Amino acid sequence: MAHSLRNIAIVAHVDHGKTTLVDHMLRQAGTFRENEAVVDRVMDNNDLERERGITILAKNTSVRWRAAGETALTKINVVDTPGHADFGGEVERTLLMADGALLLVDAAEGPLPQTRFVLRKCLSLGFPIIVVINKIDRSDARPNEVLSEIFDLFCDLDATEAQLDFPVIYAIGRQGIAKKTLDDPSTDLAPLFSLILDKIPPAPGDSDAPLQILVNNLDHDEYTGRLAIGRVVAGTVKANQPVAVLKEGGVSSKGSIKVLSTFEGLKRVPAAEAGAGELVSIAGLEDVFVGDTLVDVTPGFEERALPRILVEQPTIKMRIGVNTSPFAGKSKGSKFLTSRHLRERLVRETRRNLAIRVEETESPDTFLVLGRGELQLAILVETMRREGYEMQLGNPEVVTQEVDGVPCEPMELVVVDVPDSFIGVVTERLGERRGRMVKMANHGYGRARLEYRIPSRGLIGFRGEFLTATRGTGLLNTVFDGWEPWGGAMIKRKSGAIVSDRAGVSTPYALFHLQPRGQFFISTGIDVYEGMIIGEHNRPNDSDVNAIKEKKLSNVRNHGKDENVLIAPPRILNIETAMEWIDADELVEVTPDAVRVRKQILKVNLRPRREEAIEDAQAQDRG
């Protein structure tokens, strides 16, 4: 069976067109009926992915294509991976399901940080790689220059001679067109399919050997329960077959495969058996996790565990605790409020996502969650919020480690693409955060590309400031770039907070007279409590204000008319922007229907000045 099977991963930087290309591969391979209604980016099948326009979870699909001169269809299993650096853990574990890779690169933007990350992973696995230069229809496309940059990147990453001789396809992903050369008259993806069948080796593995399946992913089905998704490395797996689950540390448990499925298009199709090289979904094993090995129950099965999946270490940590605000439990959609609920949900996430780690803290109601970046943690919190969880978040901090006895912090390689007129302001802002420019290039079209090496903590809260400074025209991409000795204290936010000093409902009269102090996060008619942050102060210190004050009414008639109350629109914070904004003495309160920011100490008369509170919180964390 393996000779007619190919396993391929599609990897690229975020927004370079992976999921759109998979759409057209499915369409042209005849996966959908002619009259079937199909949405765009069909692989992005959860609400968060559709809202944000990015792939968050790696997913499996398959297409069938007939090679030239062949009568039988060849099955091509396709793994669509995320392109954002924060979800690199998804890439690392799902690449083990493939035998080759399609590397997509934008014909205008060229290789970016995540391109380097995913390519390094593919090269280390020894994959043959097909380079797809996508979006050649862009007005600023420069495919020949981009091809040279890709070759340089392969050389930088120590590719072998065989890997350096990579085939190239030019594509217009959104039209479903692939070309062997720029002037090729092709109008479909046939050249790409042919190249996959020619260059990607058939799935290896001996179907007659003892069974070994590596679990790369987990899913859930309403009818069959927990699903273990993985690759049959050796042997043949059959439905209703008894198997053993080999866990970390040599621990094993036994069970039986209730439902065995393979991937056909976007569906999981029940199968009687599957041979080596096939990607399968298995139901019936509740006690199975990512990285486990499934083997048949024959003598010596304990010795057949495959190497466990390893992912790079987290670089950002954040405290997640039980919501302790006066509004705790008052949201309509709140279902899970206790530390037990939080602990169970976070532990469940670590079992599915190897890039997330959870540690206990000195408080039984607070947990330390470690991940790859702010976006990954924000997506986790947003997912939990939609499931009915309430929680409060501390400010994100970097994970440090000792290298040869010296405390070190993570560094990021930052690639900034901005109009020429904003080079000065971006250089100034990154310089304030200890960024060092390592490269600068200008490809014309009035835009420049700057590369910086900067401490990861310097980027916490920087994205919003960057978009404001470049008036929304700048592009910023980052990737982890090693460790350097700790560089000392760094200012996170220069401005203070406007804090409500009492509970009640915000009034137009109060907000109108407080407007000169800064920008608000709330509008009128919003419930507030003592210690809730309602805006950003113009000055470095905090300002405690009465946001519920009403105009004094009397029975004395006023001459003339009252002044008009005009209030500027508030700046609405979401989970991500709130996490970036808060400082060490502040928290984000997250409920199913609201995101609020607050002080850790709510009482005005008990709260120290902002500078003292930040120093105390940082000292406590270091201790």
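It should be noted that the structure appears before, not after, this text.
Only a predicted model underlies this, so the values are computations on that prediction, with no experimental measurement involved.

What counts and what doesn't
- Residues numbered from 1 in each chain as written.
- Predicted model: local features only at pLDDT ≥ 70, side-chain atom pairs only at ≥ 80, totals over all residues.
- Heavy atoms only, no water.
- Helix = DSSP H or I, 4+ residues; strand = E, 2+ residues; numbered from the N terminus.
- Contact = heavy atoms within 4.5 Å.
- Buried < 20%, exposed > 50% of the residue type's maximum accessible area, 1.4 Å probe, protein only.
- Phe/Tyr/Trp six-rings, centres within 6.5 Å; stacked < 30°, edge-to-face > 60°.
- Lys NZ or Arg CZ within 6 Å of the ring centre and 35° of its normal.
- Arc of directions from axis to C-beta.

Novice: Any chance you could break down the environment of Thr-400 for me, citing the residues and the numbers?
Specialist: Considering the arrangement of structural elements, one finds Thr-400 in the loop between strand E22 (397-398) and strand E23 (401-403). Residues Thr-400 and Leu-553 lie 153 residues apart in sequence; the distance between their C-alpha atoms is 58 Å. Those residues in contact with Thr-400 that lie beyond four places of it in its chain are Cys-408, Trp-483 and Trp-486.

Novice: Explain helix H1 (residues 18-28) to me, using residue names and the numbers behind them.
Specialist: Within H1, eight of the eleven residues are buried, which leaves the element mostly enclosed by the surrounding structure. Every buried residue of H1 is listed here: Lys-18, Thr-19, Leu-21, Val-22, Asp-23, His-24, Met-25 and Leu-26. On its buried side, H1 packs onto strand E1 (5-12), strand E2 (59-66), strand E3 (73-80), strand E4 (100-106) and helix H7 (190-199). Positive phi shows up at Gly-30, right after H1, with a value of about 80 degrees.

Novice: Talk me through the packing of aromatic side chains; I want residue IDs and the actual numbers.
Specialist: Enumeration according to the criterion identifies seven aromatic pairs in this entry. Ring centres 5.0 Å apart and planes at 90 degrees place the aromatic pair Phe-521 and Trp-581 in the edge-to-face group. Pair noted here: Phe-521 is in the loop between strand E30 (518-520) and strand E31 (527-528) and Trp-581 is in helix H13 (residues 575-581), with a separation of 60 residues, a long-range link. We classify Phe-521 as buried; its relative accessible area is 8%. The structure contains a cluster of three or more aromatic residues connected by ring pairs, namely Phe-151, Phe-154 and Phe-166. Looking at Arg-457, its charged tip hangs above the ring of Trp-486, at a distance of 3.9 Å from the centre.

Novice: Outline helix H10 (residues 423-432), listing residues and values.
Specialist: For H10, every residue scored as buried is listed here: Ile-423, Val-426 and Leu-430. On an axial view of H10, the arc spanned by its buried residues comes to 70 degrees, and they lie on one face. Elements that come into contact with the buried residues of H10 comprise strand E24 (406-419), strand E25 (436-442), strand E26 (447-455) and helix H11 (462-469). One or two residues past the end of H10 sits Arg-434, with phi positive at roughly 65 degrees.

So yeah, pure geometry; function would need other evidence.
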